[in-house]
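Here's the letter readout for the chains.
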Amino acid sequence: MTTTKIVHRAMPLPPGTEAPDFELHSTPDQTVSLADFRGQPVILAFYPEDWSPVCSDQMGLYQEVLPEFRAFNAELLGISVDGIWCHLAFAKDRNLHFPLLADFEPKGAVARAYQVYRAEDGTSERALYVIDPDGIVRWSYVSPVGVNPGADGILRALESLGKEER
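Remember, predicted model here, so these are calculated numbers, not experimental data.

(A) The arrangement of the overall build of the protein in detail. On a plain count of helices and strands, the protein comes out with four helices and nine strands. In sequence order, the protein lays out its α and β elements as β-β-β-α-β-α-β-α-β-β-β-β-α. Taken over the C-alpha trace, the protein has a radius of gyration of 15 Å; the compact-globule value for 166 residues is 15 Å, and the two agree within 12%. Viewed in the frame of its principal axes, the protein has a C-alpha envelope of about 60 × 35 × 30 Å. When the 166 residues of the protein are sorted by exposure, 51% land in the buried category. Expressed as a percentage of contacts within the protein between residues at least 6 apart in sequence, the contacts between residues at least 24 apart total 67%.

(B) Focus on the environment of Gln58. Mapped onto the secondary structure, Gln58 falls in helix H1 (residues 53-71). Considering only alpha carbons, one finds Gln58 and Lys163, 105 residues apart in sequence, at a separation of 27 Å. The contact partners of Gln58, leaving out residues within four places of it in the chain, are Tyr47, Arg126, Leu128, Asn148 and Pro149.

(C) Just the pattern of salt bridges, in detail. In the structure shown here, the tally under the stated rule is six salt bridges. Its salt-bridge partner being Glu125, residue Arg118 comes within 3.3 Å of it at the nearest N-O pair. A relative accessible area of 3% means that Glu125 is categorised as buried. Among the salt bridges present, the one from Asp132 reaches Arg138, with a minimum N-O distance of 2.8 Å. When its relative accessible area of 34% is taken as the criterion, Arg138 is described as partly exposed.

(D) Quick look at the side chain of Gln40. By secondary structure assignment, the location of Gln40 is in the loop between strand E2 (30-33) and strand E3 (42-46). On the accessibility criterion, Gln40 (19% relative accessible area) is buried. With sequence-adjacent residues up to four places away left out, Gln40 is seen in contact with Asn73, Ala74, Glu75, Ile131, Asp132 and Pro133.

(E) Broad picture of H1. For H1, which comprises 19 residues, the first-to-last C-alpha distance of 28 Å matches the rise-based estimate of 27 Å (1.5 Å per residue) to within 8%. At Val65, H1 shows its maximal bend, which comes to roughly 55°, and the proline Pro67 appears one to four places after that position. Phi turns positive one or two residues past the end of H1, at Asn73, with a value near 60°.

(F) Focus on a negative patch on the surface. On the surface, Glu18, Asp21, Glu23 and Asp36 cluster together into a negatively charged patch. Looking at where Asp21 falls in the secondary structure, it is placed in the segment before strand E1 (23-27). Its relative accessible area of 52% is what places Asp21 among the exposed residues.

(G) Local environment of empty space enclosed by the protein. Under the counting rule described, the total for this entry stands at one cavity of 30 Å³ or more. Its boundaries defined by the atoms lining it, the largest cavity holds a volume of some 40 Å³.

(H) Summary view of the packing of aromatic side chains. Enumeration over the complete set of coordinates arrives at eight aromatic pairs. Pairing Phe22 with Tyr114 gives two aromatic rings, centres 6.3 Å apart and planes at 70°, and the pair type is edge-to-face. Taken together, the positions of Phe22 in the segment before E1 and Tyr114 in the loop between helix H3 (109-113) and strand E6 (117-118) put the pair 92 residues apart, joining distant regions of the chain. Grouping aromatic residues by their ring pairs yields a cluster made of Phe22, Phe46, Tyr114 and Tyr129. Above the ring of Tyr117, the side-chain terminus of Arg112 is found at 3.8 Å from the ring centroid.

Scoring rules and cut-offs
- Residues numbered from 1 in each chain as written.
- Predicted model: local features only at pLDDT ≥ 70, side-chain atom pairs only at ≥ 80, totals over all residues.
- Heavy atoms only, no water.
- Helix = DSSP H or I, 4+ residues; strand = E, 2+ residues; numbered from the N terminus.
- Rg over C-alpha atoms; globule rule 2.2 N^0.38 Å.
- Buried < 20%, exposed > 50% of the residue type's maximum accessible area, 1.4 Å probe, protein only.
- Contact = heavy atoms within 4.5 Å.
- Salt bridge = Lys/Arg side-chain N within 4 Å of Asp/Glu carboxyl O.
- Expected span 1.5 Å × (residues − 1).
- Bend = angle between axes of the 7 residues up to and from the residue.
- Patch = residues over 30% accessible without salt bridge, like charges linked within 9 Å, V, L, I, M, F, W, Y side chains within 5 Å.
- Areas by Shrake-Rupley, 256 points an atom, 1.4 Å probe, with all protein chains shown as cover.
- Lys, Arg positive; Asp, Glu negative; His and termini not counted.
- Charge placed at Lys NZ, Arg CZ, Asp CG, Glu CD.
- 1 Å grid on protein atoms, 1.4 Å probe; cavity = no way out; pocket = protein on both sides within 12 Å on 5 of 7 lines; lining within 4 Å.
- Points joined across faces, edges and corners; volume = space filled by probe spheres on them.
- Phe/Tyr/Trp six-rings, centres within 6.5 Å; stacked < 30°, edge-to-face > 60°.
- Lys NZ or Arg CZ within 6 Å of the ring centre and 35° of its normal.

Listed below in structure tokens is the structure:
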């Protein structure tokens, strides 16, 4: 007899929701908060773990399209439950030039606030958020953990923000 495991993906915070503020370490002695970026769009890229093949590909892709994100004045923040030293080594190895934030202690607190914590794995979902300059979620998406969600959805959401502001 075989058993089938039903995979349930998280339901991220929906558009129109006020984005929960947070403060996480970007280096051992520096923190970043969502409030630091009030007045500009923010992309939150939650990912399960540094060094995994899909996460490496996803973060590498975002580094390549970073100029396109910045053309919208958007700040990209990568967030996982890995510790800050792991993030620093990963960013250096992958030549990443955007903050990787450690949702380490209490583990997954920010992922939980954004409804994308995977308690069974102790990691976060592969989830994306675009937050407008006023701190409101304008787009959210949860990809299957083994699938790189790419950047198209983020870019469409940023383009939509630009149209709303006119």
